[in-house]
Amino acid sequence: MQKILIAIVRGYQRFISPLFPPSCRYYPTCSTYTIQALQTHGGLKGSLMGISRIFRCHPFVKGGIDYVPLKFSMKRNTVDKEQPKYTYKKNKHFH
């Protein structure tokens, strides 16, 4: 599931995003954040974090740096001033 979700976001980055002017108020961009969240926290938690980030990205927010936290959270990461060292989760196969 994780690989499929990442492929969807990468498709958005490649084919849809270039059609519009840059508008993300955060660094890294919402799509990059979502990919990092999926890689770090897996499909379900990473999706929730990405969706939460997209809802936070609107014209009335200050924006700025918001790295994917190492601990699952759907709130803005105000702790990390530098990008954390991520360890990526592998897809889990159920047998």
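You'll find the structure just up there.
The model shown is predicted, which means the values in this text are computed figures rather than measured ones.

Enquirer: Where do I start with unusual backbone geometry in this structure?
Expert: Leave glycine aside and you will find that most residues have negative phi; peptide bonds, for their part, are mostly trans. Cis geometry is found at the peptide bond from Y27 to P28, where omega equals -5 degrees. Summarising the element assignment, P28 is placed in the loop between β1 (26-27) and α2 (30-41).

Enquirer: How should the packing of aromatic side chains be read in this particular structure?
Expert: The description of two aromatic rings rests on the distance between their centres and on the angle between their planes. In total, this model carries one aromatic pair according to the counting rule given. Lying across the ring of F72, K45 places its NZ or CZ 5.5 Å from the centre.

Enquirer: Can you walk me through the layout of surface pockets in this structure?
Expert: Space inside the largest pocket adds up to approximately 590 Å³. Lining the largest pocket are 24 residues, with Y12, S17, C30, S31 and I54 sitting closest to its centre. Within the residue set of the lining of the largest pocket, elements represented by two or more residues are α1 (2-16), α2 and α3 (43-56). By residue class, the composition of the lining of the largest pocket is 14 nonpolar, nine polar and one charged.

Enquirer: Looking at this model, I keep getting lost on the nonpolar core. Mind explaining?
Expert: A general tendency of soluble globular proteins is for nonpolar side chains to be buried together. Formed by Y33, A37, M49, Y67, V68 and Y86, the largest nonpolar core amounts to six residues. Apart from the residues within four sequence positions on either side, A37 is in contact with G42, G46, M49 and V68.

Enquirer: Looking at this model, I keep getting lost on α3. Mind explaining?
Expert: Helical periodicity: at 3.6 residues per turn, an α-helix aligns residues three or four positions apart in one direction. The terminal C-alpha atoms of α3 lie 20 Å apart, and with 14 residues this matches the ideal 20 Å at 1.5 Å per residue to within 8%. Taken residue by residue, α3 has G43, G46, S47, M49, G50, S52, R53 and R56 as its buried positions.

Enquirer: Explain the packing of α2 against α3 here, please?
Expert: The description of two helices packed together rests on the angle between their axes and the distance between the axes. One way to put it is that α2 packs onto α3 with a least axis distance of 7 Å and a crossing angle of 160 degrees. Accordingly, the angle class assigned to the pair α2 and α3 is roughly antiparallel. The two elements α2 and α3 meet at a crossing, and its hand is right-handed. Residues C30, Y33, T34, A37, L38 and H41 of α2 form the contact with α3, whose own contacting residues are G43, K45, G46, S47, M49, G50, R53, I54 and R56. Counted by class, the contact of α2 with α3 contains six nonpolar, six polar and three charged residues.

Enquirer: Would you take a moment to explain the state of the cysteines for this structure?
Expert: Two cysteines, two sulfur atoms, one covalent bond between them: this is a disulfide. Counted according to the given criterion, the structure contains zero disulfides. Free cysteine: C57, not disulfide-bonded; nearest cysteine sulfur from C30 at 3.8 Å.

Enquirer: Explanation requested: the pattern of salt bridges in the structure shown.
Expert: Two side chains that carry opposite charge are able to pair once their charged atoms sit near each other. This structure, assessed with the given rule, holds two salt bridges. Between R53 and D66 there is a salt bridge whose closest N-O contact spans 3.7 Å. In this pair, R53 sits in helix α3 while D66 sits in the segment after β2 (64-65), placing the two residues 13 residues apart along the sequence. Overall, the relative accessible area of 0% leaves R53 in the buried class. Here D66 falls in the buried class, since its relative accessible area comes to 0%. Beyond isolated ion pairs, a larger network of salt bridges with shared partners links R53, R56 and D66.

About the cut-offs
- Residues numbered from 1 in each chain as written.
- Predicted model: local features only at pLDDT ≥ 70, side-chain atom pairs only at ≥ 80, totals over all residues.
- Heavy atoms only, no water.
- Helix = DSSP H or I, 4+ residues; strand = E, 2+ residues; numbered from the N terminus.
- Phe/Tyr/Trp six-rings, centres within 6.5 Å; stacked < 30°, edge-to-face > 60°.
- Lys NZ or Arg CZ within 6 Å of the ring centre and 35° of its normal.
- 1 Å grid on protein atoms, 1.4 Å probe; cavity = no way out; pocket = protein on both sides within 12 Å on 5 of 7 lines; lining within 4 Å.
- Points joined across faces, edges and corners; volume = space filled by probe spheres on them.
- Nonpolar A, V, L, I, M, F, W, Y, C, P; charged D, E, K, R; others polar.
- Core = buried A, V, L, I, M, F, W, Y, C linked by side-chain atoms within 4.5 Å.
- Buried < 20%, exposed > 50% of the residue type's maximum accessible area, 1.4 Å probe, protein only.
- Contact = heavy atoms within 4.5 Å.
- Expected span 1.5 Å × (residues − 1).
- Axes fitted to C-alpha atoms, helices over the stretch in contact; angles between N-to-C directions.
- Parallel < 35°, antiparallel > 145°, perpendicular 65-115°, else oblique.
- Left-handed = near helix turned anticlockwise from the far one by under 90°.
- Disulfide = S-S within 2.5 Å.
- Salt bridge = Lys/Arg side-chain N within 4 Å of Asp/Glu carboxyl O.

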